Amino acid sequence: MNYFSRPTSKETAFTVSSLNRQIQQLLEASLPWILVEGEISNLARPGSGHWYFSLKDDKSQIRCTMFKNKNHLVRFKPKEGDMVRLRAKVTFYGPRGDCQLSVESMESAGEGALQLAFERLKNTLKSEGLFDSETKKPLPNMPARVALITSPTGAVIRDMITAFKRRFPLTELTLFPSIVQGSGSAENLIKQLHRADANGYFDAIVIGRGGGSLEDLWSFNDEVLARTIFQSNTPIVSAVGHETDFTICDFVADVRAATPTAAAELLSPDTKVLMDKCLQQSALLKYRIEQNIQQHQQRVDYLTRSMRHPKDRLEQQQRQLDQLTQRLIQSVKLTLEKQKTSTDYRCQRLLQVSPEKNLAQHQLLLNQYQVRLEQSLKQNVVNKQQTFSNLIEKLNLVSPLNILSRGYAIPSKNKQVIRSIHDVNKGDSIQVRVEDGTLECEVTG
């Protein structure tokens, strides 16, 4: 069978340009903005500011273009071999017949996953209360001993030591050297933190490092490290990265410093300020000592003038004792007379309110109330009897039994009054109530 046929004169042939336009329309219509991941290769940055590179995996590659007005927003500097995630649109360049990606945004492929893990852990620890301000320990005003947990090499440790020496050189600094990046760094930081917090020797602990990418700072986003910081007894200052960098340690620590140098400034008072304060306190102390000496000197002078011979003081006190004795005797006599007068008055009052007199009066009133109660009860019984008789007469007037005495009867079936012939059937047993009894009857028709 011939699978190929020769073109006929009636078929319309595409030009190359029209074919490429058709391909372009189909591609760009079927593939709008997409996310694609791969490895950068053949990266070029010409003077125009645009980026040209290829995105590849182990089997394929595709050309990419990222224009200047887009690539200046990328937060990192891409290089050959970087794994990236692109938001791009598929385009087709007709003059060359090339398919390529027009890139809108770029991020590190690893950074996206790390950022997602960072947010998830942050929300978990926040919901557990590890970030609450109520749990934060206050920093000491003037810590004497500070532990530094960071890399023993690099600018961070030098900057902190320089800041402490410049501001308050008396602070005792102890370095707990630790790995701050890469495999095993989180475990090393935890180990050194346990050592620094073990016996309560230090007044504060600084944990930190210099700036870097999210991957570089990832050790400080470790969950175990965050919980260790939260459970520590010593106040902890987190000094990780630059001012714009945030890690889990920053949120769970007692205080976050924008930079390691800022952490040193938080924990070290300014020497000049302290000297000025010491001079002020010294002047104030001198003034208060002079005031105190003057006050005590005045008191000594007063006591010196008021000193008297002991014999004179004894004679004066003897005279005061005699006067007080006479006043006490007079006061006792006067009190006894008043008590006697009061007792006589109360006896007279008691006789006037004798219980026998009161009992007789109450007995008379009780007898009067008894007579009135008996009369009221009798009258009430008579009234109730009259009312009851009236109600009986009214009830008899409307009683069905009274109607029966005039020759009427009340038929019923199963204790239900029969009001119509439709309430019974032929052969039913019914009861007929008359004045002096009940008749058992059968319906015959």
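The following refers to the structure shown. (Residues numbered from 1 in each chain as written. Predicted model: local features only at pLDDT ≥ 70, side-chain atom pairs only at ≥ 80, totals over all residues. Heavy atoms only, no water.)

## Here we look at the pairing of strand 4 (residues 83-93)
Strand residues, when the strand is regular, have side chains that alternate between the two faces of the sheet. With 6 bridges connecting them, strand 1 (residues 34-44) and strand 4 associate as antiparallel partners. Looking at the pairing, Val36 lines up with Leu86 of strand 4. Alignment of strand 4 against strand 5 (residues 98-108), held across 10 bridges, turns out to be antiparallel. Within strand 5, the residue paired with Arg85 across the bridge is Glu107. (Pairing = 2+ DSSP bridges. Helix = DSSP H or I, 4+ residues; strand = E, 2+ residues; numbered from the N terminus.)

## Observations concerning the pattern of salt bridges
In total, this model carries 11 salt bridges according to the counting rule given. For the salt bridge of Asp344 with Lys340, the shortest nitrogen-to-oxygen distance reads 3.5 Å. Of this pair, Asp344 and Lys340 both sit in helix 10 (residues 310-352), 4 residues apart, roughly one helical turn. Residue Asp344 is classed as partly exposed on the basis of its relative accessible area of 39%. Lys340 gets classed as exposed once you look at its relative accessible area, which sits at 54%. In the salt-bridge network here, residues are joined through shared partners; they are Glu37, Arg85 and Glu107. (Salt bridge = Lys/Arg side-chain N within 4 Å of Asp/Glu carboxyl O. Buried < 20%, exposed > 50% of the residue type's maximum accessible area, 1.4 Å probe, protein only.)

## A look at unusual backbone geometry
Phi at Asn42 is positive, roughly 55 degrees, even though this residue is not glycine. Among the structural elements, Asn42 can be located in strand 1. A positive phi angle is found at Asn414, which is not glycine, with a value near 50 degrees. As for its placement among the helices and strands, Asn414 is situated in the loop between strand 11 (410-413) and strand 12 (416-417). Look at Asn414 and you get exposed, because its relative accessible area is 60%.

## Concerning the sheet that holds strand 14 (residues 437-442)
Hydrogen bonds between backbone atoms are what pair the strands of a sheet, whose relative direction is either parallel or antiparallel. Sheet architecture is open: 4 strands sit in the order 12-11-13-14, paired in antiparallel fashion. The open sheet has two free edges, formed respectively by strand 12 and strand 14, since each of these has just one partner strand. Where strand 11 meets strand 12, 2 bridges bridge the pair, whose relative direction is antiparallel. Residue pairing in the sheet places Lys413 in a bridge with Gln416 of strand 12.

## Some remarks on the packing of helix 5 (residues 185-197) against helix 6 (residues 223-231)
Helix packing geometry: the angle between the two helix axes and the distance between the axes. At a closest axis distance of 9 Å, the pairing of helix 5 and helix 6 adopts a crossing angle of 15 degrees. As the angle between them shows, helix 5 and helix 6 are arranged roughly parallel. Two packed elements cross with a definite hand, and for helix 5 against helix 6 that hand is left-handed. In this structure, helix 5 contributes Leu189, Ile190, Leu193 and His194 to the contact, and helix 6 contributes Val224, Leu225, Thr228 and Ile229. Split into classes, the residues belonging to the contact of helix 5 with helix 6 amount to 6 nonpolar, 2 polar and no charged. (Axes fitted to C-alpha atoms, helices over the stretch in contact; angles between N-to-C directions. Parallel < 35°, antiparallel > 145°, perpendicular 65-115°, else oblique. Left-handed = near helix turned anticlockwise from the far one by under 90°. Contact = heavy atoms within 4.5 Å. Nonpolar A, V, L, I, M, F, W, Y, C, P; charged D, E, K, R; others polar.)

## Quick word on the environment of Glu374
Its place among the elements puts Glu374 in helix 11 (residues 355-397). Classification of Glu374 by relative accessible area gives partly exposed; the value is 42%. Spatially, the C-alpha atoms of Glu374 and Ala198 are 95 Å apart, while their sequence positions differ by 176 residues.

## Some thoughts on the packing of helix 4 (residues 155-167) against helix 8 (residues 260-267)
Closest axis-to-axis distance for the helix 4/helix 8 pair is 8 Å, and the angle between their directions is 30 degrees. Looking at the two axes, helix 4 sits roughly parallel to helix 8. Here helix 4 and helix 8 pass one another in a crossing that is right-handed. Contacts from Val156, Asp159, Met160, Ala163, Phe164, Arg166 and Arg167 of helix 4 reach helix 8 at Pro260, Thr261, Ala264, Glu265 and Leu267. Counted by class, the contact of helix 4 with helix 8 contains 7 nonpolar, 1 polar and 4 charged residues.

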